[in-house]
Amino acid sequence: MTGMLGHPVAENPIDRMFDAVYAHYGLPWQFWKSDIATESDLALAVAALAPLGYRGVGITVPYKVAVIPLLDEVDDDVRAIGAVNYVTVENGRLTGHNDDGKGVVKAIEKVAPLRGQHVVMLGAGGAGRAMAVEIAWAGAAKLTLATRRESQGREVAALVEKASSIACQWQPWTAEDIRLPDDTTLLMNATHLGCAPELEPVPVCWETVAPTCTVVDVITNPRITPFLATARERGCPVVDGVEMLVQLAMQIFQRWTGVTPEESVFQRAVAEALGE
């Protein structure tokens, strides 16, 4: 048994995708999403994983950092990044891993190489931390983090500079639309703005986004968010959150099952889960 812990999780297609892939490979496994309302409930859920026979769970917002002290151990990526995006259960022991950024890097580099890019990332939560570090490790030249909370932005900027050799700066995210630095070549939304059903707009001043700028959104539902739709209208290359989900899910699937999956199997599974 496998699953996901987070809040909210209802709109995420990951359960349907994993169940379809398990069936394709003849594995008698299931994937369950659990909406966990509080950190107290998270502690109870994590404590129950081994007794209930779970092989692993994905960890999504808002618990990527809060879950760490509830685990028996974490891998080197988690120690560097300070956040967890999935857990494996072996011999009753829970180990935290973080491949968030690896999935993002693979998805982006199918469209544009990261080396030499000036990346502006909106948001720096649990997933954003991992993405920021992995983008730096992938060879980006500069990273700008725009966050509403200065302490969070500066903390992640310091984390990136400690883990890599690139310059990482914090930019205030005020009530006004965010204006991008002139040399921005890749813009990423790492927040939940634009997620169904609210579809809140991402406050970007699109006049500062060049048509050559690659635009990335972590949201999986809808696949083409208002943020990406606007970017397309401007002629920007786009990378959607579903592509990132596929790349990440393939790594988690292999870790849990020991089976190396074909990407085409995951692509078909997620297309069916989304009704495409």
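Here the structure is shown first, and the text comes after it.
Let me sum up the structure you'll find in this document. (Residues numbered from 1 in each chain as written. Predicted model: local features only at pLDDT ≥ 70, side-chain atom pairs only at ≥ 80, totals over all residues. Heavy atoms only, no water.)

Side note on the sheet that holds strand β6 (residues 93-97)
What counts is decided by this rule: Should DSSP find at least two bridges between two strands, the strands are taken to pair. Per the convention used, a helix needs a DSSP run of H or I reaching at least four residues, while a strand needs a run of E reaching at least two, with both numbered from the N terminus.
Reading across from one edge, β2-β1-β3-β5-β6-β4 is the order of the six strands in this open sheet, with mixed pairing throughout. Bordering the open sheet on either side are β2 (31-35) and β4 (73-74), each of which pairs with just one other strand. As paired elements, β4 and β6 share two bridges and run parallel to each other. The residue bridging Glu73 from the neighbouring strand is Thr95, located in β6.

Let's talk about the side chain of Gln171
What counts here: Whether two residues are in contact is decided by their heavy atoms: any pair within 4.5 Å suffices.
Along the chain, Gln171 falls in strand β9 (residues 167-172). In this structure, Gln171 is in contact with Thr144, Leu145, Ala146, Thr147, Ile178, Arg179 and Pro181, ignoring residues within four places of it in sequence.

Focus on the pattern of salt bridges
Condition: By salt bridge we mean one thing: a side-chain nitrogen of Lys or Arg within 4 Å of a carboxyl oxygen of Asp or Glu. Categorising residues by exposure relies on relative accessible area from a 1.4 Å probe, with only protein chains included: less than 20% of the type maximum marks a residue as buried, more than 50% marks it as exposed, and the intermediate range marks it as partly exposed.
Evaluation of the coordinates by the stated rule reveals 14 salt bridges. A salt bridge links Glu263 to Lys110, with the nearest nitrogen and oxygen atoms 2.7 Å apart. In this pair, Glu263 is assigned in helix α9 (residues 263-273) and Lys110 in the loop between α4 (100-109) and β7 (118-122), connecting sequence segments 153 residues apart. In this structure Glu263 comes out as partly exposed when scored by relative accessible area, which is 28%.

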